[in-house]
Amino acid sequence: MADPNVFAPEWDVELAEPPFRAKVSRVAYRAGGVELGASLFEVEPGGAVSPYHVHHGNEEMLIVLAGNPELRTAKGRRVLEPGVVVSFPRGPEGAHQVRNPGPEVARVLLISTMHHPEVVEHLDTGATLAVLGPAEGSVFPSGTDVPFMDAVVSAMEAEPGSSR
């Protein structure tokens, strides 16, 4: 496999419809990365990389390669210029969303540690994701979670082989 190139990428996923309107190349995977992830996003005007979210197990870093994406954090929104590097520590202080209000295509590289399992919160919807691996896990919509001790007691009371 040839070394990936962020200026001449091979796209792994094309998400043409809103809200994404983006292409993605998993460049760290293509380069043989194991403990570091890196995804190149080319985001059309009006598209986004992800919902407003926070990682509890992984740190991320954003590098703007082209265009002027908008970054949303707990401190508000700001437009970024090519060459800007922003870090998102794990936990609430690292909450972020990257979108492209336009009018030109934006290209960004998101780099992250790859610790799994991981917990991600989508802050606008209250959903919680239990991430077991890349694109693998479960989603718990707001209001469907069970208190921790209730889940423990239920599991202890369950008959072997039953699923409650």
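Just so you know, these numbers come straight off a predicted model, no measurement behind them.

Q: Would you mind going over the sheet that holds strand β12 (residues 127–133) with me for this structure?
A: What holds strands together in a sheet is hydrogen bonding between their backbones, with the strands either parallel or antiparallel. Taken in spatial order, the four strands line up as β4-β11-β12-β13 in an open sheet, and their pairing is antiparallel. The open sheet terminates on both sides in strands that have one partner only, identified here as β4 (53–55) and β13 (136–140). Pairwise comparison of adjacent strand axes, ignoring direction, gives a mean angle of 20° for this sheet. Where strand β11 (residues 118–122) meets β12, five bridges bridge the pair, whose relative direction is antiparallel. Note that in β12 the partner of H122 across the bridge is A127.

Q: How should the pairing of β11 be read in this particular structure?
A: Side-chain direction in a regular strand flips from residue to residue, so the side chains alternate between the two faces of the sheet. Two strands pair when backbone bridges link them, and β4 and β11 are joined in this way by three bridges, in the antiparallel orientation. Pairing of V54 across the sheet is with E121, part of β11.

Q: When you look at the layout of surface pockets in this model, what are you seeing that I'm missing?
A: Rolled over the atoms, a probe as big as a water molecule pinpoints where empty space is left. By volume, the largest pocket amounts to about 1200 Å³. As for the largest pocket, its lining consists of 43 residues, and the residues nearest its centre are S39, F41, H55, P134 and A135. With five residues, strand β3 (residues 36–43) is the largest single contributor of residues to the lining of the largest pocket. Of the residues contributing to the lining of the largest pocket, the split by class is 24 nonpolar, 15 polar and four charged.

Q: Could you clarify how one ought to interpret the nonpolar core in this entry?
A: Soluble globular proteins tend to pack their nonpolar side chains together in the buried interior. By size, the foremost hydrophobic cluster in this structure holds 14 residues, and its most contacted members are F41, V49 and L62. Among the elements of the structure, β2 (22–25), β3, β5 (60–66), β8 (85–88) and β10 (106–113) are those that each provide at least two residues to this core. Not counting residues within four places of it along the chain, the set of residues in contact with V49 comprises F20, F41, V43, V98, V108 and L110. With five residues, the next largest nonpolar core counts A28, A38, L40 and L109 among its residues.

Q: Looking at this structure, I do not really get unusual backbone geometry. What am I missing?
A: Trans peptide bonds make up the majority, and among non-glycine residues the majority have a negative phi. Residue P19 follows P18 across a cis peptide bond; omega there is 10°. Tracing the sequence through the fold places P19 in the loop between β1 (13–15) and β2. In this structure, P117 follows H116 across a cis peptide bond, with omega equal to 0°. In this fold, P117 is placed in the loop between β10 and β11. A positive phi angle, close to 50°, is found at R21, a residue other than glycine. Here R21 is to be found in the loop between β1 and β2.

Scoring rules and cut-offs
Residues numbered from 1 in each chain as written. Predicted model: local features only at pLDDT ≥ 70, side-chain atom pairs only at ≥ 80, totals over all residues. Heavy atoms only, no water. Pairing = 2+ DSSP bridges. Helix = DSSP H or I, 4+ residues; strand = E, 2+ residues; numbered from the N terminus. Axes fitted to C-alpha atoms, helices over the stretch in contact; angles between N-to-C directions. 1 Å grid on protein atoms, 1.4 Å probe; cavity = no way out; pocket = protein on both sides within 12 Å on 5 of 7 lines; lining within 4 Å. Points joined across faces, edges and corners; volume = space filled by probe spheres on them. Nonpolar A, V, L, I, M, F, W, Y, C, P; charged D, E, K, R; others polar. Core = buried A, V, L, I, M, F, W, Y, C linked by side-chain atoms within 4.5 Å. Buried < 20%, exposed > 50% of the residue type's maximum accessible area, 1.4 Å probe, protein only. Contact = heavy atoms within 4.5 Å.

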